[in-house]
Amino acid sequence: MTLEQARHRSSMVSFLRLAFTAGAAISAGIMIGHLTANAVSASPSSIERLTGDQVVTMVNPRFTGRDVAGRAFVITADTAQRRMGGGEKIDLKNPELISEDGTRVAAPAGLYNQDDQTLDLYEDVEVESAKGYTFRSTSAKMFIQEGRVEGIDPLSGSGPLGDVRSDTYEIVDEGDRVLLSGRVEMTIVPGEQAEDDAGADEDTGNEERGGEE
């Protein structure tokens, strides 16, 4: 190889190195620019924000607490929707409340207010008390801390003592008492105690007749 050829080859190698370096720099610049553009487009200032009319949905929510007497309760539902800027009001689908003593209240729809500790129930409301009574109505308002239920719609129910119906109602003392108002209809079915008393009276009567004989 002559000196001129050696110089020509050295110049070519230097050019190729410069070209490769420039290409790498350009590729890196394009990549960095693309990543930066994505980061800017995903910045909080450009994220779509929820309006006051939109909701955040929770699946299978569970709320727990205690009333003023210290009794525990739990509220579950299929879904819960809290409105943006709506405070502590939560719309529930298929809510169910179960208290420590076994009382159960359920409905297809409800509104839970965590501030006031109230639960408004709508449509087909069902109350099963620990005493063995089952009540149904189209609406109910539960004051959870007080263990009280109010209803301004007609109530129908049944239990150990019989069947009952009323225009409005109030369930107090954790279901121990039911206050009925308006047009009240009640059918009392004699229980086992009444049957035992009747059997005792019959036995007494037989003994008395035997004594007379």
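Caption draft 1: Local environment of the overall build of the chain. Across its full length, the chain carries two helices and 16 strands. Burial statistics for the chain: of 213 residues in total, 25% are counted as buried. For the chain, restricting intrachain contacts to residue pairs at least 6 apart in sequence, the fraction spanning at least 24 positions comes to 31%. Carbon and sulfur atoms form 54% of the exposed surface of the chain, whose accessible area is close to 14200 Å².

Caption draft 2: Inspection of the packing of aromatic side chains at higher detail. Taken as a whole and judged by the stated rule, the model has two aromatic pairs. When the centroid spacing of 6.0 Å and the interplanar angle of 10 degrees are considered together, the rings of Y133 and F135 count as stacked. Under the relative-accessibility criterion, Y133 is labelled partly exposed at 21%. When its relative accessible area of 5% is taken as the criterion, F135 is described as buried. The ring of F143 has R148 sitting right over it, with the charged end atom 4.1 Å from the ring centre.

Caption draft 3: Structural view of the confidence of the model for the chain. Model confidence for the chain is summarised by a mean pLDDT of 75, while 60% of its residues fall at 70 or above. Low pLDDT, under 50, characterises residues 39-48; the stretch is placed with four contacts to residues that sit more than four places away or in other chains. Between residues 193-198, whose pLDDT stays under 50, and residues either more than four places distant or in other chains, the model counts one contact.

Caption draft 4: Just the nonpolar core, in detail. Counting residues in hydrophobic clusters, the biggest one holds 24 residues, and the most contacted among them are I75, L92 and L119. At the level of elements, β3 (72-76), β5 (89-93), β9 (118-128), β10 (134-143) and β14 (168-172) are the ones that each hand at least two residues to this core. At four residues, β9 tops the list of elements feeding residues into this core. Discounting residues that sit within four places of it in the chain, I75 has contacts with P61, R62, F63, L92, E96, L97, Y112, L119 and I144.

Caption draft 5: Layout of the pairing of β14. Sheet topology places strand β11 (residues 148-151) next to β14; three bridges connect them, and they run antiparallel. In the strand pairing of β14, E150 is matched with E170. Inspection of the sheet shows β14 paired to strand β15 (residues 177-181) by five bridges, in the antiparallel sense. For I171, the partnering residue across the bridge sits in β15 and is V178.

Caption draft 6: Spatial organisation of the pattern of salt bridges. The full count for this structure, using the stated rule, is 13 salt bridges. In this structure, R66 and E100 form a salt bridge, with 3.8 Å as the shortest nitrogen-oxygen distance. On the criterion of sequence distance, the pair formed by R66 in strand β2 (residues 62-66) and E100 in the loop between β6 (96-99) and β7 (104-106) is long-range, its members being 34 residues apart. Assessed through its relative accessible area of 52%, E100 is described here as exposed. Across the pair E126 and R136 runs a salt bridge, and its minimum N-O distance is 3.4 Å. Of this pair, E126 sits in strand β9 while R136 sits in strand β10; the two residues are ten residues apart in sequence, bridging distant segments of the chain. Classification of E126 by relative accessible area gives buried; the value is 16%.

The rules behind the values
Position labels on residues start from 1 in each chain and follow its written sequence. Local features are withheld for residues below a pLDDT of 70 in this predicted model, meaning they are given only at 70 or higher, and side-chain atom pairs are given and counted only at 80 or more; totals for whole chains, interfaces and linings count all residues. Each side-chain value is worked out from all heavy atoms of the structure, with water and hydrogens disregarded. Numbering of helices and strands runs from the N terminus, with a helix taken as a DSSP run of H or I at least four residues long and a strand as a DSSP run of E at least two residues long. Buried, partly exposed and exposed residues are distinguished by accessible area as a fraction of the type maximum, computed with a 1.4 Å probe on protein chains only: under 20%, between the cut-offs, and over 50%, respectively. By definition in these notes, contact holds between two residues if any of their heavy atoms fall within 4.5 Å. In short, Shrake-Rupley with a 1.4 Å probe defines the accessible areas, and a residue's cover is counted only from the protein chains shown. Side-chain rings of Phe, Tyr and Trp (the six-membered ring for Trp) are treated as a pair once their centres are within 6.5 Å; stacked means planes under 30 degrees apart, edge-to-face means over 60, and tilted covers the remaining angles. As a reminder, the over-ring test applies to NZ of lysine and CZ of arginine, requiring each to be within 6 Å of the ring centre and within 35 degrees of the ring normal. What pLDDT expresses is the predictor's confidence in each residue, scored from 0 to 100. Residues belong to a common nonpolar core when they are buried Ala, Val, Leu, Ile, Met, Phe, Trp, Tyr or Cys residues joined through side-chain atoms within 4.5 Å. Pairing between two strands requires that DSSP report at least two bridges joining them. Take a side-chain nitrogen of Lys or Arg and a carboxyl oxygen of Asp or Glu: if they are within 4 Å of each other, that pair is a salt bridge.

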